Amino acid sequence: MTRSAVLVTVLVSGMFMIPPVDGQERYTEPELKPADRNHWAYVPPQRPRVPPGSRNPIDAFVHSRLAEKGLKPSPPADKLTLLRRVSLDLTGLPPTPAEVEAFLQDESPQAYTKVVERLLASPHFGERWASHWLDVVRFAESNGYELDKERPHAWRYRDYVIQSFNDDKPYDRFVQEQIAGDLIWQAQWRPGRGWRGLFDHIQTPPAAEPLIATGLHRCGPVHMVSGNLDAEVLRQEVLTEMVNGVGAAFLGLTFACCRCHDHKFDALSMGDYYRLQAFFGGTTYVDVDIATARERADYQRKAEAIQAQIAPLKKQIQALDEPVRARVAQEKRNKLEPKYRAALDTPPDQRTPEQKMLAAHAKTLIQVRWDEILAAMPPADLARRTQLRQQLHQLEATLPPPPATAWAIAETQPHAQTFVLKRGDPHRKATEVRPGYPRVIAGQAPPPRSRLDLAAWLTQPDHPLTARVIVNRLWHYHFGRGLVATPNDFGVRGEPPTHPELLDWLACELVQPTISGGVPTPKWSLKHIHRLIVTSETYQQSATTTHGAAVDPDNKLLWRMNRQRLEAEAIRDAILAVAGTLTRDLGGPSVKVPLEPEVYDLIFTEGEPDGLWPVTPDPRQHTRRSIYLFNKRNVRLPLLEAFDQPDTLNSCAVRPVSTFAPQALILMNNPFVLAQGKALAIALVRDVGNDVDQQLDELYRRAVGRRPTATERELGLQFLREQTATIRQRLRADQPIGLDANDLPANADRAAVRALADLCVVLFNTHEFVYRP
């Protein structure tokens, strides 16, 4: 029977599911029951009535739930606690002593509001909240797997997210650009002759943000290796990453469970999964040249100048290698069995079939590897070669960044077919499907045709999930627990909301704001939701009360504020900020900082293991915020890994908070921490002189925003006396103390400064420093 003879279509969620032809595996989609649509998350949110009694609707809903359980909210936190809390939450950086002083002295009713507006307007706001979003979309700058190839243009997606949050880009536009930015962009700038040279004759190229935004679909790991690989399997892995990313980030559903079988708990089927995948079936990865001709010419000129210096070094290295290579190859050849040598000695056109096989094997046997060359090279030549390689890598590190390129996707196969795959196996194709929305939440949406329709459907005002999912994420990062405690699982097995009316009110307020504060509030404004949260009494509560522990031990009802340990990156950033070494540059290519040898050894290579991690030449760049550090999947900084930095293999909606002994060891002994402790000590001596009492006062003001208590002062002075005496003994014994006298201000006591540096490290290790109050 021909395919056309059986092309009977069945309407599924407004789209067509095409029955299989004879001999093709069949898939029967489970029936969707009316009760399946009754799950709270699948019902569009309706704005509930706000309980009376509070100026901020958030407090009205929270206080109403507390009253039901006979609980009362905690009193407000003190001003210093509140300032540290909101500063760390909104920017990821602690307040400076000057900011603390200004806030404590401001007695006006608007003092806190002014702080909130200043922080929301800070460029560091986008850096802080982009870090959370990049967790969700598992952003990294390498492919993962064994080769872990780097992605030189991925940083533009990171910068897109930062700028979007700083600009308060409406969330619906933010979603649309990431889902279908390439199609949005092409509607205005259709490439015509391909992707290269689009802007050669344009003085100022058009904004490429929508195109760059589609980097979302490339954030996951990609299995790119050489060898005899199954193209269909690799293609399916790429599509799987796209679908799983969209399902988790925007829908908050465990779509990944539907790849191989219908969902065991939610009303999501394999048909739903592959219909969603069909939106991406015709896409491919593209690196779109968005540079002008002038920019490419500038790059070429600078690169050629450096390559001209590199070329002689490569020739000198080759001159050292070739004689050794030839000698080692000859030695290997001499050890071959006679039949192999005879095959090699026979001219290729005169070899028998057997000799051709023997010669092919022999060439493999006598191939000389780089390590064999180094092992056989005379010591003097080896030392010279090592020096030349170092010079070569130093020059390579100065090569200019490649011309501007959008790390994106594009629709290049408009007629690509998508099938339901039995057990997720691309070789077991069952029913063909076309793009469609998940049936349980599709509503009355018309049949979609492209990712533009998917983007529009996700951002329609009455969508049951999009707004709920994002406001829940914001709540989670502010309170340490979402109103739904499973931010990536709004399904039936996820946690139900603790405050369902509040969640729906926030979702509706995001889409259609009603609280304006005297100024018009744009629709889909995330900063509006942030503002409502951090100005609520619920957010400003003390975190140290215990009156509700018996009734609500997990504080699900929010009778107090939750203390939260800072994320790994925020700990590092706070150390830099307090030490005064933080480089506050915004955006641009990612930075590679020096690695410990044991971390460097993790970098995979089949060649020489040098020059694999070209450290950014400018040391000032090494102290930029952690979001700008090059994020290579298989190479993680010990400090960040120890404090639960995600592995970027899967969407991370909730970071784990582990506690184990190596954390303290790393935070006390890590070279980065020790260096920042010294930098802070030198800054203290430079700014307040050698008076130990003043040094203590200023250290505490910078580290935790206050002066030391009497007990802390006594312990600090005792530590400095004893540690200084110990270091003096080392100096008298001519032992190194890790502090160069040339780095110190005039008249500084070297031993005392070194002891002060150790005390700075102690402050970095305190609960007060590493926790958001």
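Starting afresh in each chain, residues are numbered from 1 along the sequence in its written order. With pLDDT at 70 or above as the cut-off, local features in this predicted model cover only qualifying residues; side-chain atom pairs require 80 or more to be listed or tallied, and sums for whole chains, interfaces and linings still use all residues. Only heavy atoms go into the side-chain values, all of them from the structure, while hydrogens and water stay out.

Some points on the overall build of the protein chain
A tally of regular secondary structure across the protein chain gives 28 helices and eight strands. Burial classification: accessible surface area is computed with a 1.4 Å probe over protein chains only, and a residue below 20% of its type maximum counts as buried, one above 50% as exposed, and the rest as partly exposed. For the protein chain, the proportion of its 773 residues judged to be buried stands at 53%. For this analysis, residues touch if any pair of their heavy atoms sits within 4.5 Å. For the protein chain, the proportion of contacts with a sequence separation of at least 24, taken over those separated by at least 6, is 73%. Positive charges are assigned to Lys and Arg, negative charges to Asp and Glu, while His and the chain termini are left out of the count. Taken as the charge location is NZ of Lys, CZ of Arg, CG of Asp or CD of Glu. Charge-centre separation for the protein chain: the mean point of 94 positive side chains lies 2 Å from the mean point of 92 negative side chains. Put simply, DSSP H or I for four residues or longer makes a helix, DSSP E for two residues or longer makes a strand, and each gets a number counted from the N terminus.

Observations regarding the environment of Leu557
Within the secondary structure, Leu557 is located in the loop between helix 19 (526-534) and strand 7 (564-565). For Leu557, a relative accessible area of 8% puts it in the buried group. Placed 26 residues apart in sequence, Leu557 and Thr583 show a C-alpha to C-alpha distance of 40 Å. Other than its neighbours up to four places away in sequence, Leu557 contacts Val62, Arg65, Leu66, Lys69, Leu71, His499 and Asp552.

Focus: the side chain of Thr724
For Thr724, the position within the fold is in helix 26 (residues 710-732). Sequence-distant contacts of Thr724, that is, excluding residues within four places in its chain, are made with Ala751, Ala752 and Ala755.

Points about the packing of aromatic side chains
Two rings from Phe, Tyr or Trp (for Trp, the six-membered ring) form a pair when their centres sit within 6.5 Å of each other. Planes less than 30 degrees apart are called stacked, planes more than 60 degrees apart edge-to-face, and all others tilted. Per the counting criterion, the structure on display carries 19 aromatic pairs. A ring has a charge above it when a Lys NZ or an Arg CZ is no more than 6 Å from the ring centre and no more than 35 degrees off the ring normal. Above the plane of the ring of Tyr539 lies Arg85, whose end atom (NZ or CZ) is 5.8 Å from the centre. We note Arg493 situated over the ring of Phe265; from NZ or CZ to the ring centre the distance is 4.3 Å.

Side note on the pattern of salt bridges
For salt bridges, the criterion is a side-chain nitrogen of Lys or Arg within 4 Å of an Asp or Glu carboxyl oxygen. Tallied over the full model, the rule gives 55 salt bridges. Of the charged contacts in the structure, one is a salt bridge between Glu372 and Arg369, with a shortest N-O distance of 3.7 Å. Judged by relative accessible area, which is 46%, Arg369 ranks as partly exposed. The salt bridge partner of Arg451 is Glu411, with a shortest N-O separation of 2.9 Å. Linking Arg451 in helix 16 (residues 451-458) with Glu411 in strand 4 (residues 405-411), this pair joins segments that are 40 residues apart in sequence.

Quick word on helix 16
Owing to its 3.6 residues per turn, the α-helix aligns residues three or four sequence positions apart on the same side. Arg451, Leu454, Ala455, Trp457 and Leu458 are the residues of helix 16 that are buried. Each buried residue of helix 16 sits inside an arc of 165° when the element is viewed along its axis, so together they form one side. In this structure Ser450 caps helix 16, since a side-chain oxygen of it lies 3.2 Å from the backbone nitrogen of Leu452. This arc is taken over the directions from the axis of the helix to the C-beta atoms. We define a polar contact as two N or O atoms separated by no more than 3.5 Å, with the added condition that, inside protein, one atom must be a possible hydrogen donor and the other a possible acceptor, whereas residues neighbouring each other in sequence contribute only through side-chain atom pairs.

Overview of the nonpolar core
In this structure, Trp133 and Tyr157 are the most contacted members of the largest nonpolar core, which totals 126 residues. Discounting chain neighbours no more than four positions away, the residues touching Tyr157 are Trp133, Leu134, Val137, Phe139, Gln178, Ile212, Ala213, Gly215, Leu216, Cys219 and Trp407. In this text, buried Ala, Val, Leu, Ile, Met, Phe, Trp, Tyr and Cys residues form a nonpolar core when linked through side-chain atoms within 4.5 Å. With 58 residues, the next largest nonpolar core counts Ala570, Leu639, Leu720 and Ile737 among its residues.

Considering the environment of Cys760
Note on placement: Cys760 falls in helix 27 (residues 750-764). Taking the C-alpha atoms as reference, Cys760 lies 8.9 Å from Ala579; in sequence the two are 181 residues apart. Filtering out sequence-adjacent residues up to four positions away, Cys760 remains in contact with Gly677, Leu680, Ala681, Leu684 and Leu699.

Details of unusual backbone geometry
Positive phi outside glycine occurs at Asn555, with the angle close to 60°. As for its position among the elements, Asn555 is in the loop between helix 19 and strand 7. Phi angles above zero are rare outside glycine, and Thr648 is one such case at about 65°. Structurally, Thr648 is set in the loop between helix 22 (638-642) and helix 23 (661-669).

Considering the environment of Gly611
Examined against the element boundaries, Gly611 turns out to sit in the loop between helix 21 (597-600) and helix 22. Placed 206 residues apart in sequence, Gly611 and Thr405 show a C-alpha to C-alpha distance of 24 Å. If we skip the residues at most four places from it in the chain, Gly611 touches His393 and Tyr600.

Note that all results are geometric; they support no functional claim without further evidence.
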